[in-house]
Amino acid sequence: MDTIIKHLVEITGHRDHELLNISVISALRELTQAAQARVLDILVSGQHIFVKPRISFEDDKLIVADEGAAVNHNGELISHFPDLQKGIAEHQNVIETLDANGIRTVWLPIWMHDKVHTCLEITNPATYNQNTKEVMNGILIVYRNFQNLLDYSERDSLTGLLNRKTFDDNFSKILRSAAGAEAGASTEDRRMDPDRRHDVREKQHWLAVLDIDHFKRVNDQFGHVYGDEVLILIANLLRSSFRPSDKLFRFGGEEFVILLRSTSLEDAKQIFERFRENVAQYNFPQVGTVTVSIGFVQINPYEPAVGIIGRADQALYFAKSNGRNKTYFYDDLVANGDLKIEHSNDDVEFF
């Protein structure tokens, strides 16, 4: 009982989803004395569903997958796990399978609003009786409730996107990832491996700021109820247009921010432009056509966040001032002479 209470205190003491996941899988692993325990991401990409390990305990070693790895490798198709696929399709809370070698696997999908994005996996539990199942179920109830509380504090109440106060932490993770990738590719590695040098140069992280054009006119003409519906539908289009590893924020009003991970410049341009076109082609109820303007920049891991956001804002402002319903990359505007930068003696940039 003392061990269970200790785990519950630890689970409810976190304010971070990843630490919460580590705590709950640690508790279940210790409770069941499992040979292996994992937290799996259930990723939807087009018409396919993938299963990708996020956190694993193997031989008492904790392994946390790089969040950016989801961009380049979606994991395994869920069809490779037919019992798991069937259990999720049937909305089961506990899914069990026993293979030909007598190894038992227990999957615990975490259902949130009738959808599952996370699944806990216990392999070959030594202790797995009715009492253990009841305790596991209690831990999962606490886990789900606390996940909901974290989501409530981190997400915009209208659109369900991440809110502004979560931006700093997510942006810091992006910076650490970018700096780590750059440091990992040493000068010698890049000299010896031209392909790696090309990959490091091409795959970058990007920040975009987008703004709904003439949104005040929507509120004035149709009322705030329809204005709120436009915001909700824009958020839905964002979720369907970007990957689970990308981060989507509502900064307030009609302004949104996107953190796009591990993508080449050409792909980033296509992704942002495709989203802009999707919005322009969407028929918003009562309102009709709505457009957005987008400005984006490459994330430099050694530049302050205020400078990166400032450059994206400059590109957005140029789009708003030059016809709206456009996407601009900051560096292109500078290269074309549309934005001019003057450097003062203390290296502050002026526009």
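Here the structure is shown first, and the text comes after it.
Everything numeric in this text was worked out from a predicted model, so none of it was measured.

Draft legend 1. Expanded view of the nonpolar core. If you look at the biggest cluster of nonpolar residues, it comprises 31 residues, and the most contacted ones within it are Ile234, Leu238 and Phe275. If you list the elements that add at least two residues to this core, you get strand 9 (204-212), helix 9 (215-222), helix 10 (224-241), strand 11 (255-263), helix 11 (265-281) and strand 12 (292-298). In terms of residue count, helix 10 provides more of this core than any other element does, 7 residues in total. Counting 24 residues, the second largest nonpolar core, distinct from the first, contains Ile25, Ile139, Leu140 and Phe146.

Draft legend 2. Representation of the packing of helix 2 (residues 17-32) against helix 5 (residues 130-154) in the model. With their axes 11 Å apart at the nearest point, helix 2 and helix 5 run at an angle of 180° to one another. Taken as axis vectors, helix 2 and helix 5 run roughly antiparallel relative to one another. Of the residues in helix 5, those touching helix 2 at His17, Leu20, Asn21, Val24, Ala27, Leu28, Leu31 and Thr32 are Thr132, Val135, Met136, Ile139, Leu140, Tyr143, Phe146, Gln147, Leu150, Asp151 and Glu154. Grouping the amino acids of the contact of helix 2 with helix 5 by side-chain chemistry returns 12 nonpolar, 5 polar and 2 charged.

Draft legend 3. Looking closely at the packing of aromatic side chains. One pass over the full model with this rule turns up 13 aromatic pairs. Taking the centre distance of 5.2 Å and the plane angle of 20° together, the rings of Phe167 and Phe171 count as stacked. Of the two residues, Phe167 and Phe171 are both situated in helix 6 (residues 167-184); the distance of 4 residues between them amounts to about one turn of the helix. Here Phe167 matches Phe171 in class, with each residue buried. Ring centres 5.9 Å apart and planes at 55° place the aromatic pair Phe242 and Phe275 in the tilted group. Here Phe275 lies in helix 11 and Phe242 lies in the loop between helix 10 and strand 10 (247-252), a separation of 33 residues in the sequence. This pair shows no difference in class: Phe242 is buried, exactly as Phe275 is. Over the face of the ring belonging to Tyr330 we find Arg311, whose NZ or CZ atom lies 5.3 Å from the ring centre.

Draft legend 4. Quick peek at the side chain of Arg311. When you line up the elements, Arg311 lands in helix 12 (residues 305-321). A polar side-chain atom of Arg311 sits 2.7 Å from a polar atom in the side chain of Glu303.

Scoring rules and cut-offs
Residues numbered from 1 in each chain as written. Predicted model: local features only at pLDDT ≥ 70, side-chain atom pairs only at ≥ 80, totals over all residues. Heavy atoms only, no water. Core = buried A, V, L, I, M, F, W, Y, C linked by side-chain atoms within 4.5 Å. Buried < 20%, exposed > 50% of the residue type's maximum accessible area, 1.4 Å probe, protein only. Helix = DSSP H or I, 4+ residues; strand = E, 2+ residues; numbered from the N terminus. Axes fitted to C-alpha atoms, helices over the stretch in contact; angles between N-to-C directions. Parallel < 35°, antiparallel > 145°, perpendicular 65-115°, else oblique. Contact = heavy atoms within 4.5 Å. Nonpolar A, V, L, I, M, F, W, Y, C, P; charged D, E, K, R; others polar. Phe/Tyr/Trp six-rings, centres within 6.5 Å; stacked < 30°, edge-to-face > 60°. Lys NZ or Arg CZ within 6 Å of the ring centre and 35° of its normal. Polar contact = N/O pair within 3.5 Å; in protein donor to acceptor, adjacent residues only side chain to side chain.

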